[in-house]
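Inside the fold
Single-letter residue listing:
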Amino acid sequence: RKEVEQDPGPFNVPEGATVAFNCTYSNSASQSFFWYRQDCRKEPKLLMSVYSSGNEDGRFTAQLNRASQYISLLIRDSKLSDSATYLCVVNRDDKIIFGKGTRLHILP
Amino acid sequence: DAGVIQSPRHEVTEMGQEVTLRCKPISGHDYLFWYRQTMMRGLELLIYFNNNVPIDDSGMPEDRFSAKMPNASFSTLKIQPSEPRDSAVYFCASSLIGQPYEQYFGPGTRLTVT
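Residues numbered from 1 in each chain as written. Chains lettered and ligands numbered in written order. Predicted model: local features only at pLDDT ≥ 70, side-chain atom pairs only at ≥ 80, totals over all residues. Heavy atoms only, no water.

**Thoughts on the overall build of chain B**
Where we set the bar: Secondary structure elements are defined from DSSP: runs of H or I of at least 4 residues count as helices, runs of E of at least 2 residues count as strands, and each element is numbered from the N terminus. Values of the radius of gyration come from C-alpha atoms, whereas the globule rule sets the reference at 2.2 Å times the count of residues to the power 0.38. Type-normalised accessible area, obtained with a 1.4 Å probe on protein chains alone, sets the label of each residue: buried when under 20%, exposed when over 50%, and partly exposed for intermediate values. Contacts are residue-level and defined by heavy atoms, with any inter-residue pair within 4.5 Å sufficient. Computed with the Shrake-Rupley method and a 1.4 Å probe, the accessible areas treat only the protein chains shown as cover for residues. Charge assignment: positive for Lys and Arg, negative for Asp and Glu; neither His nor the chain ends contribute. The location of each charge is read from NZ of Lys, CZ of Arg, CG of Asp or CD of Glu.
Check the secondary structure of chain B and you find 0 helices and 11 strands. In chain B, the succession of α and β elements from N to C terminus is β-β-β-β-β-β-β-β-β-β-β. Taking 13 Å as the expected radius of gyration for a compact globule of 114 residues, we find that chain B reaches 13 Å, a close match to that expectation. Dimensions of chain B, computed from the C-alpha atoms along their principal axes, are close to 40 × 30 × 25 Å. Burial analysis of chain B (114 residues in total) assigns 50% to the buried set. Counting only contacts in chain B whose residues sit at least 6 apart along the sequence, the fraction spanning at least 24 positions is 54%. Surface summary for chain B: the accessible area is close to 5700 Å², and the carbon and sulfur share equals 51%. Taking the 10 positively charged and 13 negatively charged side chains of chain B as two groups, their mean positions are separated by 4 Å.

Structure follows, in structure tokens:
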């Protein structure tokens, strides 16, 4: 089992809709969590850190469920510009592990 | 402010040749990371430095790969000899002490080994 797993998608979502996807991690000792965004043929960019209490940044909400060992990302009122690959990142013992990403396509 | 700078942006070379990738981190950042990204394997951490010292090189695939950071503003990743399976996008990233996992990535070097 991979340490960090994501549904590769693609998720095809109409503009304005709400979309959510999860990322599961296998090691309960994982310490910190992040979402990065990567546009096609571009570098990854930090979208948001994921805090234990959950956190929100505008239309984006990230949640952590330690009991079930997953993090989630919710995007409300999706925009065309949200189309990208979303990478889940987990830190454990000074190791950083990236998921392979979930592709999101926002449809006009 | 300049972000992470990588050169070259594209490199095409023949199998067996030496390849050197270069990275200039964001000024003041303490951590520097080298990653490789392929469709099959996703984004993989190769090695990272803290204050110019290599901390974890367990991701370096084999002895053909080496990385150096002679000073705070420059790092290289060298592949010698290169092989077709090394074809990938290589990213460099940097971050601040206290926030090592909030990384800023460079634009990447797309390497093709024929």
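**Digging into the layout of surface pockets**
For the record, the criterion: Whether a set of points on the 1 Å grid over the protein atoms alone is a cavity depends on a 1.4 Å probe fitting there but being unable to get out, while an open set qualifies as a pocket with protein on both sides within 12 Å along at least five of seven lines; lining residues are those with an atom within 4 Å of a point. Grid points are joined across faces, edges and corners, and a volume is the space filled by probe spheres set on the points. Ten residue types, Ala, Val, Leu, Ile, Met, Phe, Trp, Tyr, Cys and Pro, are classed as nonpolar, four, Asp, Glu, Lys and Arg, as charged, and the remainder, Gly among them, as polar.
What the largest pocket holds in volume is close to 1000 Å³. Elements that contribute at least two residues to the lining of the largest pocket include exactly strand 1 (4-6), strand 9 (84-92) and strand 11 (102-107) of chain A together with strand 4 (31-38), strand 5 (42-50), strand 9 (88-95) and strand 11 (109-113) of chain B. The volume enclosed by the second largest pocket comes to roughly 480 Å³. Lining the second largest pocket are 20 residues, with Ile 97 and Phe 98 of chain A together with Leu 43, Glu 44 and Leu 45 of chain B positioned closest to its centre. For the lining of the second largest pocket, the leading source of residues is strand 5 of chain B, giving 5 residues. Tallied by class, residues from the lining of the second largest pocket come to 9 nonpolar, 3 polar and 8 charged.

**Here's the deal with the sheet that holds strand 6 (residues 55-57) of chain A**
Residues and elements named next belong to chain A. Our working rule: Paired strands, in this sense, are two strands between which DSSP finds at least two bridges. Only the contacting stretch of a helix is used when fitting its axis, a line to C-alpha atoms as for every element, and angles between N-to-C directions run 0 to 180 degrees.
Spatially, the 5 strands line up as an open sheet ordered 1-3-8-7-6, and their pairing is antiparallel. Two strands in the sheet have a free side with no partner beyond their single neighbour: strand 1 and strand 6. The mean angle between the axes of side-by-side strands here comes to 20°, regardless of whether they run parallel or antiparallel. Sheet topology places strand 7 (residues 60-65) next to strand 8 (residues 70-75); 6 bridges connect them, and they run antiparallel. The residue bridging Asn 65 from the neighbouring strand is Tyr 70, located in strand 8.

**A word on the nonpolar core**
Within soluble globular proteins, side chains that are nonpolar tend to cluster in buried spots. Counted only if it meets this: Here, nonpolar core refers to any group of buried Ala, Val, Leu, Ile, Met, Phe, Trp, Tyr and Cys residues whose side-chain atoms link them within 4.5 Å.
One finds Phe 21, Trp 35, Ile 71, Leu 73, Ile 75, Tyr 86 and Leu 104 of chain A to be the most contacted residues of the largest nonpolar core, which totals 23 residues. Going through the elements one at a time, strand 3 (19-25), strand 4 (32-38), strand 5 (44-50), strand 7, strand 8, strand 9 and strand 11 of chain A are the ones with two or more residues in this core. Counting 21 residues, the second-largest nonpolar core is a separate cluster that includes Val 4, Ile 47, Met 60 and Phe 65 of chain B.

**Quick look at the side chain of Thr 76 of chain B**
Residues and elements named next belong to chain B. By the element assignment, Thr 76 lies in strand 8 (residues 74-79). We classify Thr 76 as buried; its relative accessible area is 14%. Setting aside anything within four residues of it in sequence, one finds Thr 76 in contact with Thr 20, Leu 21, Arg 22, Trp 34, Ser 66, Ala 67 and Lys 68.

**Focus: the pairing of strand 3 of chain A**
Every other side chain in a regular strand lies on the same face of the sheet, so the side chains alternate between the two faces. Residues and elements named next belong to chain A. Here strand 3 shows a clear split, with Val 19, Phe 21, Cys 23 and Tyr 25 buried on one side and none of Ala 20, Asn 22 and Thr 24 buried on the other. Here 3 bridges tie strand 1 to strand 3, and the two strands are oriented antiparallel to one another. Pairing of Val 4 across the sheet is with Tyr 25, part of strand 3.

**Here's the deal with the state of the cysteines**
Applicable threshold: Put simply, a disulfide is two cysteine sulfurs that come within 2.5 Å.
As enumerated under the stated definition, the model contains 2 disulfides over all chains in all. Residue Cys 23 of chain A pairs covalently with Cys 88 of chain A via a disulfide, S to S 1.9 Å. The sign of the S-S torsion, about -65°, decides the handedness of the disulfide formed by Cys 23 of chain A and Cys 88 of chain A: left-handed. Taken together, the residues span a long stretch of sequence, with Cys 23 of chain A in strand 3 and Cys 88 of chain A in strand 9 at a distance of 65 residues. The class for Cys 23 of chain A is buried, based on a relative accessible area of 0%. Overall, Cys 88 of chain A belongs to the buried group, its relative accessible area being 0%. Here Cys 23 of chain B pairs with Cys 92 of chain B through a disulfide, and the sulfurs are 1.8 Å apart. Measuring handedness by torsion sign, the sulfur bridge of Cys 23 of chain B and Cys 92 of chain B sits at about -65° and is left-handed. Here Cys 23 of chain B, found in strand 3 (residues 19-24), pairs with Cys 92 of chain B, found in strand 9; they are 69 residues apart in sequence, far enough to count as distant. Residues Cys 23 of chain B and Cys 92 of chain B agree in their burial class; the two are buried.

Keep in mind these values describe shape, not function.
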